[in-house]
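# Observations on the three-dimensional arrangement
The residues making up each chain are set out below.
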Amino acid sequence: VQHLLDDILKIDILCAPDEYLRRVLGILCAGLPGACAVAFIVDADDQFVFAAEHDLPEPLLAFCTSGGYLPRVPGAPSPAVDPAPFGAALAQAGFVAITQVPLIHQGRLLGLVELYFEYAAPLPAEVITLLGRLGELVAIAIASNASLDQLDQRTRELHEEIALRERVEQALRRALQERRALVEIINHSTVVALLCRAEPGWPVEFVSDNVAQFGYNPQEILSGSLPLSTLIHPEDRPKVEAAWKELLTAPDVRTLEYRLLPRQGPPRWVEHRIWTRRDSDGLDLLPVVTAPRGVVTHLQGILHDITERKQTEALIYHQAYHDTLTGLPNRTLFQDRLEQAIHRAQRRARLLAVCFLDLDRFKAVNDTLGHHIGDRLLQGVASRLRAVLRTEDTISRLGGDEFTLLLPEIKDPDDAAAVANKVCSAITQPFTIEGQQVHVGTSIGISLFPDDGADARTLLQCADTALYHAKDRGGNTFSFFMPGMNAKLRDRLELEGALRTAIDDDQLLLHYQPQVDLVTGQVSGFEALVRWQHPEWGLLAPDRFIPLAEENGLIVPLGQWVLQEACQQARSWQDHYGMPVRMSVNLSPRQFHQHDLVSTVEEALAATGLPSASLTLEITEGVAMRDVDYSVQTMRMLKGMQVGLSMDDFGVGYSSLMCLKHFPIDTLKIDHSFVQGLLTDSNDAAITHAIIAMADSLRLAVIAEGVETQEQLAFLRASGCNNIQGYLISRPLPAQECSRFVARRGTGVLVGSAPGGGA
Ligand code: C2E
Ligand code: MG
Ligand code: MG
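Residues numbered from 1 in each chain as written. Chains lettered and ligands numbered in written order. Predicted model: local features only at pLDDT ≥ 70, side-chain atom pairs only at ≥ 80, totals over all residues. Heavy atoms only, no water.

## Some thoughts on the overall build of the protein chain
Cut-off, in case you're wondering: A run of H or I in DSSP becomes a helix once it reaches four residues, and a run of E becomes a strand once it reaches two; helices and strands are each numbered from the N terminus. Both definitions apply: the radius of gyration is a C-alpha atom measure, and the globule rule equals 2.2 Å times residues to the power 0.38. Under the scheme applied here, a residue whose accessible area is under 20% of the maximum for its type counts as buried, over 50% as exposed, and between as partly exposed, the area being computed with a 1.4 Å probe on protein chains only.
A tally of helices and strands in the protein chain yields 25 helices and 26 strands. Taken against the 2.2 N^0.38 rule, which gives 27 Å for 759 residues, the C-alpha radius of gyration of the protein chain at 62 Å runs more than 25% over that of a compact globule. Overall, the C-alpha framework of the protein chain stretches about 200 × 60 × 50 Å when taken along its three principal axes. Within the span of the protein chain, comprising 759 residues, buried residues form 45% of the whole.

## Examining the coordination of the magnesium ion (ligand 2)
Put simply, the rule reads: Counted as coordinating are nitrogen, oxygen and sulfur atoms within 2.8 Å of the metal, or 3.2 Å for Na, K and Ca, while water is not included, which may make sites look incomplete.
Protein coordination at the magnesium ion (ligand 2) comes from E527 (OE), N586 (OD1), E618 (OE) and D648 (OD), with a distance range of 2.0 to 2.3 Å. Between consecutive donor residues of the magnesium ion (ligand 2), the sequence gaps follow E-x58-N-x31-E-x29-D. The distance between the magnesium ion (ligand 2) and the magnesium ion (ligand 3) is 4.1 Å, with D648 acting as a donor to both metals. On the criterion of sequence distance, the pair formed by E527 in strand β18 (residues 523–534) and D648 in strand β22 (residues 644–650) is long-range, its members being 121 residues apart. Owing to a relative accessible area of 3%, E527 belongs among the buried residues under this scheme.

## Brief notes about the site of ligand 1
Heads up, the rule is: It suffices for a single heavy atom of a residue to lie within 4 Å of a molecule or strand for the residue to be listed as near it. For this analysis, a polar contact is any N or O atom pair within 3.5 Å, provided that within protein one partner can donate a hydrogen and the other can accept it, and provided that sequence-adjacent residues contribute only side-chain to side-chain pairs. For accessible areas, the Shrake-Rupley method is used with a probe of radius 1.4 Å. Any residue's cover is judged against the shown protein chains and nothing else. When residues are sorted by character, Ala, Val, Leu, Ile, Met, Phe, Trp, Tyr, Cys and Pro go into the nonpolar class, Asp, Glu, Lys and Arg into the charged class, and all the rest, Gly among them, into the polar class.
If you check the shell around ligand 1, you find 21 residues, and the closest are Q513, N586, D648, E708 and Y727. Within the side chain of D649, an N or O atom sits 3.2 Å from an oxygen atom of ligand 1. About the coverage of ligand 1: the protein hides 83% of its 790 Å² of free accessible area. Of all the secondary structure elements, the ones that give two or more residues to the shell around ligand 1 are β18 and β22. A total of 4 residues in the shell around ligand 1 trace back to one element, the largest contributor, which is β18. Residues of the shell around ligand 1, tallied by class, amount to 8 nonpolar, 6 polar and 7 charged.

## Quick word on a nonpolar patch on the surface
Stated formally: Patch building starts from residues that exceed 30% relative accessible area and form no salt bridge, then joins like charges within 9 Å and nonpolar side chains (Val, Leu, Ile, Met, Phe, Trp, Tyr) within 5 Å. Any Lys or Arg side-chain nitrogen located within 4 Å of an Asp or Glu carboxyl oxygen qualifies as a salt bridge.
On the surface, I13, L14 and I140 cluster together into a nonpolar patch covering about 240 Å² of accessible area. Mapping I140 onto the fold places it in helix α5 (residues 125–188). Overall, the relative accessible area of 34% leaves I140 in the partly exposed class.

## Overview of the layout of surface pockets
Where empty space is left can be seen by rolling a probe of water-molecule size over the atoms. Spelled out, the test is: A 1.4 Å probe that fits but cannot get out identifies a cavity on a 1 Å grid over protein atoms alone, an open set with protein on both sides within 12 Å along at least five of seven lines counts as a pocket, and a residue lines either if it has an atom within 4 Å of a point. Grid points are joined across faces, edges and corners, and a volume is the space filled by probe spheres set on the points.
In this structure, the second largest pocket spans a volume of roughly 410 Å³. Residue lining of the second largest pocket: 15 residues in total, with Q437, V438, H439, M625 and R626 positioned closest to the centre. For the lining of the second largest pocket, the secondary-structure elements that each account for two or more residues are α10 (362–369), β14 (436–438) and α20 (628–640). Taken together, the residues of the lining of the second largest pocket sort by class into 6 nonpolar, 5 polar and 4 charged.

## Some thoughts on the packing of aromatic side chains
Selection rule: Aromatic pairing here means that ring centres of Phe, Tyr or Trp (its six-membered ring) are within 6.5 Å. Orientation follows from the plane angle: under 30 degrees is stacked, over 60 is edge-to-face, and everything else is tilted.
Using the criterion set out here, one finds 16 aromatic pairs in the structure. Plain terms: the ring middles of W532 and F545 are 5.5 Å apart, the flat faces sit at 85° to each other, and that makes the pair edge-to-face. Here W532, found in strand β18, pairs with F545, found in helix α15 (residues 542–552); they are 13 residues apart in sequence, far enough to count as distant. By the burial criterion, W532 is buried, and F545 matches it. Centre to centre, the rings of F592 and Y630 are 6.2 Å apart; their planes meet at 80°, and the pair counts as edge-to-face.

## Section: the sheet that holds strand β3 (residues 97–105)
Put simply, the rule is: For two strands to count as paired, DSSP must find a minimum of two bridges between them. In this analysis, axes come from line fits to C-alpha atoms, helices being fitted only over the stretch in contact, and the angle between any two N-to-C directions falls in the range 0 to 180 degrees. Whether two residues touch is decided by their heavy atoms; if any such pair falls within 4.5 Å, the residues are in contact.
Strand order in the open sheet formed by 4 strands is β2-β1-β4-β3, with antiparallel pairing between adjacent strands. The outermost strands of the open sheet, each flanked by one partner alone, are β2 (48–54) and β3. Across the sheet, the axes of successive neighbouring strands diverge by a mean angle of 20°, strand direction being ignored. Strand direction decides the pairing type here: β3 and strand β4 (residues 108–117), joined by 9 bridges, are antiparallel. In the sheet register, H105 faces β4, and the bridge partner there is R108. Sheet strands in contact with helix α2 (residues 17–31) are β1 (35–42), β2, β3 and β4, and its direction is about 45° off that of β2.

## Observations concerning the state of the cysteines
Stated precisely, the cut-off is as follows: Defined by distance alone, a disulfide is two cysteine sulfur atoms within 2.5 Å.
Evaluated as defined, the whole model comprises 0 disulfides. Not engaged in a disulfide, the cysteine C355 finds its nearest cysteine sulfur in C424; these two sulfurs lie 9.8 Å apart.

## Quick notes on the coordination of the magnesium ion (ligand 3)
In this structure, D648 (OD), D649 (OD), E705 (OE) and E705 (OE) serve as the protein donors to the magnesium ion (ligand 3), at separations of 2.1 to 2.5 Å. Read in sequence order, the donor residues for the magnesium ion (ligand 3) give the motif D-D-x55-E. Exposure remark for D648: the relative accessible area of 7% places this residue in the buried category. Given a relative accessible area of 24%, D649 falls into the partly exposed group.

## Comments concerning the sheet that holds strand β7 (residues 253–260)
Sheet architecture is open: 5 strands sit in the order β6-β5-β9-β8-β7, paired in antiparallel fashion. With partners counted over all chains shown, the strands left at the sheet margins are β6 (204–207) and β7, one partner each. Between one strand axis and the next, the sheet turns through 25° on average, direction left out of account. Inspection of the sheet shows β7 paired to strand β8 (residues 268–278) by 8 bridges, in the antiparallel sense. Its bridge partner being in β8, R254 is matched across the sheet by I274. Most of the contacts of helix α7 (residues 237–249) go to β7, to which it runs at about 160°, and overall it touches β7, β8 and β9 (296–305). The strands touched by helix α8 (residues 307–321) are β7, β8 and β9; relative to β8, the strand with the most contacts, the crossing angle is about 125°.

## Describing the pattern of salt bridges
Opposite charge on two side chains permits them to pair, given that their charged atoms come into close proximity. Scanning the entire structure with this criterion turns up 27 salt bridges. A salt bridge links E496 to R500; the shortest N-O distance between them is 3.1 Å. Highlighted residues: E496 and R500, both in helix α14 (residues 485–502), separated by 4 residues, approximately one helical turn. A residue is classified by how much of its surface remains accessible, and R500, at 44% relative accessible area, is partly exposed. Between K669 and E705 there is a salt bridge whose closest N-O contact spans 3.6 Å. Separated by 36 residues along the polypeptide, K669 in strand β23 (residues 667–670) and E705 in the loop between β24 (701–704) and α24 (710–719) bring together distant segments of the chain. The two residues K669 and E705 agree in class, both being buried. Salt bridges linked by common partners bring E257, E271, R309, K310 and E313 together as one network.

## What about the confidence of the model for the protein chain?
Any residue range with low pLDDT should be treated as having predicted coordinates unsuitable for detailed reading. The following threshold applies: Each residue carries a pLDDT score, the predictor's confidence in it, ranging from 0 to 100.
On average, residues of the protein chain carry a pLDDT of 86, and 94% of them reach 70 or more. Between residues 283–291, whose pLDDT stays under 50, and residues either more than four places distant or in other chains, the model counts 15 contacts. Between residues 748–759, whose pLDDT stays under 50, and residues either more than four places distant or in other chains, the model counts 25 contacts.

## Side note on the nonpolar core
Threshold: The criterion is simple. A nonpolar core is a set of buried Ala, Val, Leu, Ile, Met, Phe, Trp, Tyr and Cys residues joined through side-chain atoms within 4.5 Å.
Counting 82 residues, the largest nonpolar core has V601, L615 and L617 as the members making the most contacts within it. Broken down by element, this core gets its largest block of residues, 9 residues, from helix α16 (residues 555–577). If near-sequence neighbours (up to four positions away) are discounted, L615 is found in contact with L563, C567, R582, M583, V585, V601, L605, L610, V643 and G644. Membership of the second largest hydrophobic core comes to 37 residues, among which are L357, L378, F403 and I433.

## Section: the side chain of E618
With respect to the helices and strands, the residue E618 is situated in strand β21 (residues 615–620). For E618, a relative accessible area of 1% puts it in the buried group. One polar contact links E618 to K669, side chain to side chain, over a distance of 2.6 Å. Those residues in contact with E618 that sit more than four places away from it in its chain are Q515, E527, S584, V585, N586, L587, S646, D648 and K669.

What follows is the structure, encoded as structure tokens:
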């Protein structure tokens, strides 16, 4: 027995249960001759299953290994299989006794060993004891083996768990790193990331550190001591919060622009791209637009400073709607405001006035003093207009020297007239620009809504027409639009268009009016007077088109043509008569103030070969007085070239005596208005006397213009006037008739033999 026990103890307890039991059965059967054995163990379902056997003959072996025999587990309700066939097979095989050894550990049945004997003799007592202990021993082995299995299983599970946990940890770490990197990137950018809960007060859960660019500490915002809405400009707050609330119900990405109040300094414009996060969403830092699912828990988004862009936009807007020189609204903005004002006036059944304004003599200022002074003058005009008008009025500059005014809701036309009067007198005050006094005036045309038109275009057109009317009345005044004015304007525009082509189409021509020296009785010279032979309108006198040409600048090419043509004619007469012929040419204000006047004259002389002493230029005193320094300088240059200078229409201006003091002139032309009144108006006679006496003492030549009668001639001659020009001698004539006139009269034309009377 002791040997058996020793042998059994030598078996490795940790080998598999089947193997262990096989070896135990082997040792047992070797010690108990005539016995064979089979072992069953209890499986997970508390059923016996075959585990091992020793020396079991067929068919017992087949019964056991195929499950054809299973012992009944004590306490189990019924045997798993019928034991009778196996009992029969046992008897058949010659086994007559069975001993069952239960394998019990800690009160649990783990298995059963059955020994079959060929004899019925009772087992010795030591063997019974041994078998009892053996059961216990084998049960321990099985149990420990099972727990080893469990341990294995557990260990495997643990490994898997650890691996899984590591994987999860790694993934988490990576995600965290990515998030940190993202936050890092955000913090280094100017884009602020913001996450707030979708709850009243919008508590902030995350804000990137770079919110410091607005002077905020992120902690203040996160702690709620600086609520989000207080950072938004009060004017924008309702709009922004309404948009945020809307987002809670409609899944969307919104871009909002509003002003943020930085800790210091003026408000900053920000662009806020904002979208929702739902309880079903993951942490996303990119906008995801999905169909609504789940409840919106957060608003998240990014915002950045767009102040500069806004400023640029504002600047561009301003530039698009304002005049750069004066900062006044431009035509587009004016038209906008006018249209709005018309709507308002219509609703409230009120009057409204549109004024069209144009500076008198602005072009002369620009030409004589330069564009720089011209620009400063326009700025000065703009600021005077601003000072005179009310804030609800709109002043705009259309371009050049044209301004428009919108007077909304006036009570009656007198209000508009009062404003126009105020504007006129404000602009008439001299401007001091860079130490120089500059004088301009303004003409104003006024149209009224609803009387003159129902829309902006018509009202502007009417005001423009009225402006022309004001100009025609001499400027520095205003006119209301009146029906019928349009026809006049149309004529004027037509005339202007035709004049543009007149020069190129050779429609201009010169007539020459002889001037006679009363002492010698000879023709002392000619005055060139321009005419326009229009194919339909006939021969037009200069007062029909010279003022218009002066206004629109066509006078410059026109004057050049006259100068050239007159010099050419004088040269050809000089060649024909073999003596110098004096030619007088009129210069308009604009012509005289052209900076290249001197060279234009030089060129005409050089091109025609006329000696400069044969040319006399006629200017009026008003022209010369406009810019005394410039006039003196120009006149000196012309005189230096031997060109003669004569003062035309002398006596009708305001500063005739000043002219004599300042300017290096040779000749005074007494205006025909004085000559006309010589015999009827004692003042005219006195003035004419005075002019002749004064010219005599200043050693200036005198020419009396517009002499029509012998009586006038006699008076002039008696007063000591030596030269005359007028219908009494001859009307202005075409060049050929002039030649005939001279030929008829001979070179020594005696005034006394003029037709219609004698001297
Ligand atoms: P102005 O220079 O004073 O010219 C004299 C004007 O008096 C001329 O008128 C002439 O025809 C007119 N006249 C001459 N004798 C008599 C007379 O006995 N009785 C009356 N009632 N009138 C007489 P016109 O040719 O119509 O020229 C008018 C003005 O037009 C000129 O006045 C001059 O200022 C301007 N003008 C004429 N031609 C030119 C020109 O080529 N260039 C410029 N810039 N102006 C010109
Ligand atoms: Mg003249
Ligand atoms: Mg004259």
